[in-house]
Amino acid sequence: MTRSTQAKPPARRRTLLGAALLATAAFGVGLLSACGSGQVTQTDQQTAAVPGVNAQSADGKIALRDGGVAYADQYKPGSTVPLNIRLFNNAEQTVKLTGATSDNGTIVLVGGPQPTAAASSPAAPAVLPSGSKKPSGSASEPVAAAPSPAPTSAGSSKIAVSIPVSGVALLTHGNGGQYLAVDKLTGEPLLPGGALTNVTFTFTYADGSTTTMKLPNLPMMPPGTALPKPSSVVHGEGGAE
C-alpha cells in the first residue's frame, strides 16, 4: 500500500507568508485610522446650534449673528414682518445703525419713539359785532372737514440704534425691546423656507464715517428657534433721532 505524503513548506516560505499577513493587517488599521481622522476634521464644518445668517460689514468691524425673519405660517402682502437681528460692534469707536432697506418693503424700527403729525385745527367761526344778528336767509358758515388720519405704520423709518464698543444690540421680536420689521410686505406671500431679498444695513461711526452690510437673502427662521442672550445687550439704545 502506497502512502502519500505532503511536503512541508520550507521555513523561508513560512516567514514570507507571515510577513505578508502582518502587512495586510497593518494596512487595514491604517485605513481605519484615516477614516477616523477624516470624521474628526469634519466637525469644523458643523452648523451652529442656532440657525440664522452670519455676516460682516464691508469694513469687517460690525458682525451680524443668527439673523433671520421671525417664524410664521405665512406673511401675507401688506403685513408686518418682524426680524431677529443681533449686531456686534468690534470697532474701536461707538457705531450706530442708521438705516435698513429691503426689496420686499420698508424696514422700520418698532418700539422706538414714533413721529407725530400735527393735526390742522378747524376754521374758527366768524365773530359778529356785539348785539348784531346773522342776516336772515344767509348761508350757514362752512365747517372745516376733519383731517384724514395718516396711514398707520408699524414703526419709525428713522432708525438710530447705538452699539457701544465691544457691545451688542439685540433687536429681536418678542424680547421686550426694540426690533426691526418690514412694514407692509410687498410682492408674494412669505412662507416658511422663503427669504427677504437684498437686505442692506447702514452704520455710522462716531467720527461720521459709514459702512454697510449687504445680505442677498435673509431667510425665515425655523419654528421654536430661541436666540441665546448675550451678557451685554443693548435694546435700541439711542432711540430715534
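In case you missed it, the structure is sitting above this.
Reference entry: report on the structure contained in this document. Keep in mind that what you see is a predicted model, and the values were worked out from it rather than measured.

**Focus: the overall build of the protein chain**
Assigned secondary structure in the protein chain consists of 1 helix and 10 strands. What you see in the protein chain, going N to C, is helices and strands ordered as α-β-β-β-β-β-β-β-β-β-β. Counting across all 241 residues of the protein chain, residues that qualify as buried make up 30%. For the protein chain, the proportion of contacts with a sequence separation of at least 24, taken over those separated by at least 6, is 75%.

**Describing the sheet that holds strand β9 (residues 195-205)**
Taken together, 4 strands build an open sheet; the order of strands is β6-β4-β9-β10 and the sheet is antiparallel. Because the sheet does not close on itself, it has two edges, and the strands there are β6 (161-163) and β10 (210-219). Adjacent strand axes in the sheet meet at a mean angle of 30° when their direction is disregarded. Where strand β4 (residues 95-101) and β6 come together, 3 bridges link them in antiparallel fashion. In the strand pairing of β6, K96 is matched with S162.

**Re the pairing of β4**
When you tally the buried positions in β4, you get 5 out of 7 residues, the bulk of the element. When β4 meets β9, the two strands line up antiparallel, connected through 6 bridges. Bridging across to β9, G99 finds its partner in T202.

**Quick notes on unusual backbone geometry**
Positive phi values are uncommon outside glycine, yet D66 reaches one of about 55°. Locating D66 in the fold gives a position in strand β2 (residues 62-69). Given the relative accessible area of 9%, D66 is considered buried. If you check the backbone angles, S166 has positive phi at about 60° while not being a glycine. Considering the arrangement of structural elements, one finds S166 in the loop between β6 and β7 (168-171).

**Comments concerning the nonpolar core**
Within the largest apolar cluster, 36 residues are counted, with the highest numbers of intra-cluster contacts made by Y75, I85, L97, L180, L196, F201 and L215. With 5 residues, the single largest contributor to this core is β9. Setting aside residues no more than four positions away along its own chain, L196 makes contact with V69, L83, S102, N104, V182, L185, L190, P216, N217 and L218.

**Thoughts on the pattern of salt bridges**
Once the charged atoms of two side chains with opposite charge are near each other, the side chains can pair. By the definition in use, this model includes 2 salt bridges. Close ionic contact of R86 with D66 constitutes a salt bridge, the shortest N to O distance being 2.9 Å. One end of the pair, R86, is in strand β3 (residues 81-89); the other, D66, is in strand β2, and 20 residues separate them in sequence. Across the pair, D66 and R86 agree in class, each one buried. One salt bridge in this structure joins D183 and K184, with 3.5 Å as the shortest N-O distance. Taking relative accessible area as the criterion, D183 reaches 11% and is therefore assigned buried. Judged by relative accessible area, K184 falls into the partly exposed class, the value being 39%.

Parameters at a glance
- Throughout, residues of each chain are indexed from 1 in the direction in which the sequence is written.
- The predicted nature of this model means local features are confined to residues of pLDDT at least 70 and side-chain atom pairs, given and counted, to a pLDDT of 80 or more, with totals for whole chains, interfaces and linings taken over all residues.
- By convention in this description, side-chain values take in all heavy atoms of the structure and omit both hydrogens and water.
- Where helices and strands are cited, they refer to DSSP runs of H or I of at least four residues and of E of at least two residues respectively, numbered from the N terminus.
- In this scheme, a residue with accessible area under 20% of its type's maximum is buried, one over 50% is exposed, and one in between is partly exposed, where area comes from a 1.4 Å probe on protein chains only.
- Residue contacts are counted whenever heavy atoms from the two residues lie within 4.5 Å of one another.
- Strands are labelled as partners when DSSP assigns at least two bridges between them.
- Inter-axis angles, ranging from 0 to 180 degrees, are taken between N-to-C directions of lines fitted to C-alpha atoms, where helices are fitted over the stretch in contact.
- Within this scheme, the nonpolar core is defined by two criteria: the residues are buried Ala, Val, Leu, Ile, Met, Phe, Trp, Tyr or Cys, and they are joined through side-chain atoms within 4.5 Å.
- For this analysis, a salt bridge means a side-chain nitrogen from Lys or Arg found within 4 Å of a carboxyl oxygen belonging to Asp or Glu.

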